[in-house]
Amino acid sequence: MNQEESLVLKKSVNSVLDTMVKLGFDITKEISELKHIKMGLLRKSSVYRHGVTRYFPTSKWDSKKPNPSCVRVVDIHPLLLEPEWEIYREIIIFHEFIHCLGYLGHNKIFYKLESLWPTIKQKKVLGNKFMKKLKLKNSTWKWICPKCKIEVLRQRKSSGKYICIKCNCKLIDKAIR
Ligand SMILES: [Zn+2]
Ligand SMILES: [Zn+2]
């Protein structure tokens, strides 16, 4: 992570923590513990994962239920650091911070906490938009049906081996860049 990236990340983390204070999370305990969480980046090629909380092995935990001290690192997708993803970036960081507080699974309690986030209603739309962008970024070929004009993004060429599921036409390859 370069300096600029780590600054963007730090700013977002602080902004998330400020909002969490407003939402009523415990300042002296939860927020102060989250302040020291180590942040990192996922691999660029990650498409479906936009954030992940990685814990130390359970043998190193100081309690049965995990807490922020059991977290090794929170990684988010590097593309989230671009300015246009600020809202989604903070949604993802908040999501991971809930995991850090000891809520491991995506259950009712988890989603109830997550739903407190001011922009949570945008999560689905932004997430889909982000995934679409990642897919495009990670693809080098478009497989196109010359008849229906349907396009599929792929990492490799179809090389005349695939046909359109609708019309049985042989798909053609077009390089994306
Ligand atoms: Zn999660
Ligand atoms: Zn077709």
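Residues numbered from 1 in each chain as written. Chains lettered and ligands numbered in written order. Predicted model: local features only at pLDDT ≥ 70, side-chain atom pairs only at ≥ 80, totals over all residues.

### Focus on the sheet that holds strand β4 (residues 141-144)
Operational definition: A pair of strands is treated as paired once DSSP finds two or more bridges between them. Here a strand is any run of E in DSSP of at least two residues, a helix any run of H or I of at least four, and the numbering for each starts at the N terminus. Note on definitions: angles span 0 to 180 degrees between N-to-C directions of axes, and those axes are lines fitted to C-alpha atoms, for helices only across the stretch in contact.
A sheet is described by the order of its strands in space; here three strands give the open sequence β5-β4-β6, paired in antiparallel fashion. Since the sheet does not close on itself, it has two edges, and those belong to β5 (151-154) and β6 (172-175), each with one partner. Across the sheet, the mean angle separating the axes of adjacent strands is 30° when strand polarity is ignored.

### Remarks on the environment of Asp18
You can see Asp18 is positioned in helix α1 (residues 3-22). For Asp18 and Arg156, which are 138 residues apart along the polypeptide, the C-alpha to C-alpha distance reads 45 Å.

### A look at the domain arrangement of the protein
For clarity, the cut-off: An automatic or database domain assignment is the source of the domain bounds shown.
For the protein, the assigned domains read domain 1 (3-135) and domain 2 (139-175). Here the C-alpha centroids of domain 1 and domain 2 sit 37 Å apart.

### Digging into the sheet that holds strand β2 (residues 51-55)
Reading across the sheet, the three strands line up as β1-β3-β2 and stay open at both edges, with mixed pairing between neighbours. Edge positions in the sheet fall to β1 (39-41) and β2, since each has one partner strand and no second. Going from strand to strand, the sheet's axes swing by 30° on average, the running direction of each strand aside. In this structure, β1 lies alongside strand β3 (residues 71-76), joined through three bridges in parallel fashion. By the bridge assignment, Gly40 is partnered in β3 with Asp75.

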